[in-house]
Amino acid sequence: MNFKHRVMRLLAGIAFLMIFQACSQNQEKAQTVSDQIRISLDTVLVDSGEEFLFLQDQLYSSSLSEDKNYLFNFNPQNFIVEKIDLNQLKLEKRIQFEKEGPKWSLF
């Protein structure tokens, strides 16, 4: 695995932890690993309606909006971005990208 992939996985992991930290509406379980590091896990239930959310990559290809109100989750199999409202815990919309052509986008 090259350096670029390692950095992307690290950033995705940090974003994943930030999502769980930000969504502290549910019961939170905390465990202290040391005096300096604290890890907390939170379970979030998102209303996706009739759609299935892409979670096969454990949110590695996802990102938080700057205001931390939305999670954008990219599905590389179907080239779909899922926009999830973290305040309402609901799938807001799905954005389809083209796999080829002038509107092709690499997330």
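Figured I'd write up the structure that's included with this text. (Residues numbered from 1 in each chain as written. Predicted model: local features only at pLDDT ≥ 70, side-chain atom pairs only at ≥ 80, totals over all residues. Heavy atoms only, no water.)

Below, the discussion takes up the side chain of N73. Inspection of the secondary structure puts N73 in strand 4 (residues 70-75). Looking at N73, its side chain comes within polar contact range of the main-chain oxygen of F54, at 2.5 Å. Residue contacts for N73: discarding those within four places in its chain leaves F54, L55, L59, S61, S62, I80, V81 and E82. (Helix = DSSP H or I, 4+ residues; strand = E, 2+ residues; numbered from the N terminus. Polar contact = N/O pair within 3.5 Å; in protein donor to acceptor, adjacent residues only side chain to side chain. Contact = heavy atoms within 4.5 Å.)

According to the stated counting rule, one finds two aromatic pairs in the structure shown. Ring geometry for Y70 against F72: centres 6.5 Å apart, planes inclined by 40°, an arrangement best described as tilted. Look at F72 and you get partly exposed, because its relative accessible area is 24%. One cation-aromatic arrangement involves K83 over Y70; the distance from NZ or CZ to the ring centre is 4.5 Å. (Phe/Tyr/Trp six-rings, centres within 6.5 Å; stacked < 30°, edge-to-face > 60°. Buried < 20%, exposed > 50% of the residue type's maximum accessible area, 1.4 Å probe, protein only. Lys NZ or Arg CZ within 6 Å of the ring centre and 35° of its normal.)

None of the figures reported here should be taken as evidence of function without further support.
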